[in-house]
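# Topology and contacts: notes
Residues per chain are reported as follows:
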Amino acid sequence: MPVLIRADYPNPLPISLSAVREAAIHLLALCGQEQNDWSILLVDDQQMAHLNQQYRGKKGPTNVLSFSLREGEDFTADSPLGDVVISLDTTAREALNNGITLHRRLKILMIHGLLHLLGQDHERSDAEADAMEAAERQLLRRLDKKQRKEPMTNLAINVDHVATLRQARGIAEPDPVLAAGICELAGAGGIVVHLREDRRHIQDRDVYLLRQTVKTKLNLEMGAAKEIINIALDVKPDMVTLVPEKRQELTTEGGLNVAGQKKKLASVIDKFIAANIPVSLFIDPDAKQVKAAKEVGATFVEIHTGRYCDAASEEERSKEFDLVATAAEEAFEMGLRVNAGHGLNYLTTAPVAALGTIEELSIGHAIMARAIFVGLDQAVREMLAQVVARG
Ligand code: PXP
């Protein structure tokens, strides 16, 4: 066990321990130290003040302390590196002051502590301080690169509403399988369908056929019901997105309450991971849900953009956009892959696509609505122009 993470914190932890562990393992590897032991202890300001007084004779808390086990002459290349202690209270204050997320500040402090363990110092001379700062920036960049899986935002198109129109007549047309092919030819990077328990639009036949025809990526959206889970395991889509599902709703209303059903979701996710199917959890832009998604082992979160898109005023839209951006950033910093969707249209998509943290947008209704007037190929291309106009 090269990385030991412990938390001795009196309040509910504001961070995800699995995210900290993952970042620590990456950092060890980036420093060529994957065989060595590194321990990280997360404390509050009170305990940090106590340690700061005891070991450095200084009053008050500090952000990070490193206790190297490699001082003196008695160590070999595979000796344990030592302990880094970080105050989460100070980390949170510094994150706020710097306008960055808690996990990002925590990563920066972990890097700082690790470099100390590896013998770097910023107090001996200006030259060493400059070298350590440069090493910190470089390690953070390399860690970001390791955690970013896709450099460009992808457009995944939800074709449910083609099936809605078909089901309105109970005949064979229009066919969502053909629609998916047209979307892909127009440049879509993925196809999404929601197989609902009531089968109001997408049918089992559609999902099985799409598995054979989709050339990009098939994302199966679903509630965590046993019958649908079994179908998903049989179909083997490229990924599944778990959503809350209510029979009376017109469309998915809110995000999943992951924090309130961690045990159930963890066991569903385990089933999919065992079958090599990554799982995304559709959640509201809420730090508590992001942290819970990481803890239950999700690979992705899909951040709900509905309230941002439905905002009644520009002021409200800007507030909701900030919530989406912050949640996406926090999820990304935790090592989750991040998608977003719901309600996005030709006016609201570009700012979300411009967020550097989001891999994929899942968009359905707006594209199908425009397709009625301009054709599906054209509607997809116009939305792609919004997605790639990012940054
Ligand atoms: N993401 C999720 C989880 C959804 O449930 C839906 C609606 O099916 C979408 C994205 C697409 O939303 P819209 O049709 O409003 O673009």
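So, how was this worked out
- Here the residue numbering is sequential within each chain, running from 1 through the sequence in written order.
- Totals for whole chains, interfaces and linings use all residues, but because this is a predicted model, local features are given only for residues with pLDDT of at least 70 and pairs of side-chain atoms are given and counted only at 80 or more.
- Each side-chain value is worked out from all heavy atoms of the structure, with water and hydrogens disregarded.
- A run of H or I in DSSP counts as a helix once it spans at least four residues, and a run of E counts as a strand once it spans at least two, with each numbered from the N terminus.
- Throughout this description, buried means an accessible area under 20% of the type-specific maximum (1.4 Å probe, protein chains only), exposed means over 50%, and partly exposed covers the range between.
- Here the rule is simple: two strands pair whenever DSSP picks up at least two bridges between them.
- Every axis corresponds to a line fitted to the C-alpha atoms, with the helix fit spanning only the stretch in contact, and the corresponding angles, defined between N-to-C directions, vary from 0 to 180 degrees.
- Contact between two residues is taken to exist if any of their heavy atoms lie within 4.5 Å; hydrogens are not considered.
- Boundaries of every domain are those given by an automatic assignment or by a domain database.
- Buried area is calculated as the accessible area (1.4 Å probe) missing from two parts once they are joined, with the contributions of both summed.
- Here, a salt bridge means any side-chain nitrogen of Lys or Arg that lies within 4 Å of a carboxyl oxygen of Asp or Glu.

This brings us to unusual backbone geometry. With an omega dihedral of -5°, the bond running from Glu173 to Pro174 counts as a cis peptide bond. Within the fold, Pro174 resides in the loop between helix H6 (160-169) and helix H7 (176-185). The phi dihedral of Asn276 falls on the positive side, at around 65°, and the residue is not glycine. For Asn276, the position within the fold is in the loop between helix H10 (262-274) and strand E9 (279-283). Since its relative accessible area comes to 71%, Asn276 is described here as exposed. Phi at His342 is positive, roughly 105°, even though this residue is not glycine. If you trace the backbone, His342 turns up in the loop between strand E11 (337-341) and helix H14 (349-353). His342 gets classed as partly exposed once you look at its relative accessible area, which sits at 23%.

Strand order in the open sheet made by the four strands is E1-E2-E4-E3, with mixed pairing throughout. In this open sheet, the two edge strands, each paired with only one partner strand, are strand E1 (3-8) and strand E3 (64-68). For this sheet, the mean angle separating the axes of adjacent strands, direction not counted, is 15°. Bridge count for strand E2 (residues 38-43) against strand E4 (residues 82-87) is six bridges, and the pairing is parallel. The residue bridging Leu42 from the neighbouring strand is Ile86, located in E4. In the packing of helix H1 (residues 17-30) onto the sheet, contacts are made with E1 and E2, and the angle to E1 comes to roughly 145°. In this fold helix H3 (residues 88-98) packs onto E2 and E4, with an angle of close to 60° to the strand it touches most, E4.

Before going further, it helps to examine the domain arrangement of the protein chain. Domain assignment breaks the protein chain into domain 1 (3-147) and domain 2 (154-387). Between the C-alpha centres of domain 1 and domain 2 the distance comes to 37 Å. Between domain 1 and domain 2, the contact holds 15 residues from the first and ten residues from the second. Across the domain 1/domain 2 interface, buried area totals approximately 1,100 Å², and carbon plus sulfur atoms make up 47% of it. For domain 1, the biggest contributors to the area lost against domain 2 are Thr101, His103 and Gln147; these three give 38% of the whole. The interface formed by domain 1 and domain 2 holds three salt bridges in total. In this structure, the salt-bridge partner of Lys107 is Glu333, at a minimum N-O distance of 2.6 Å.

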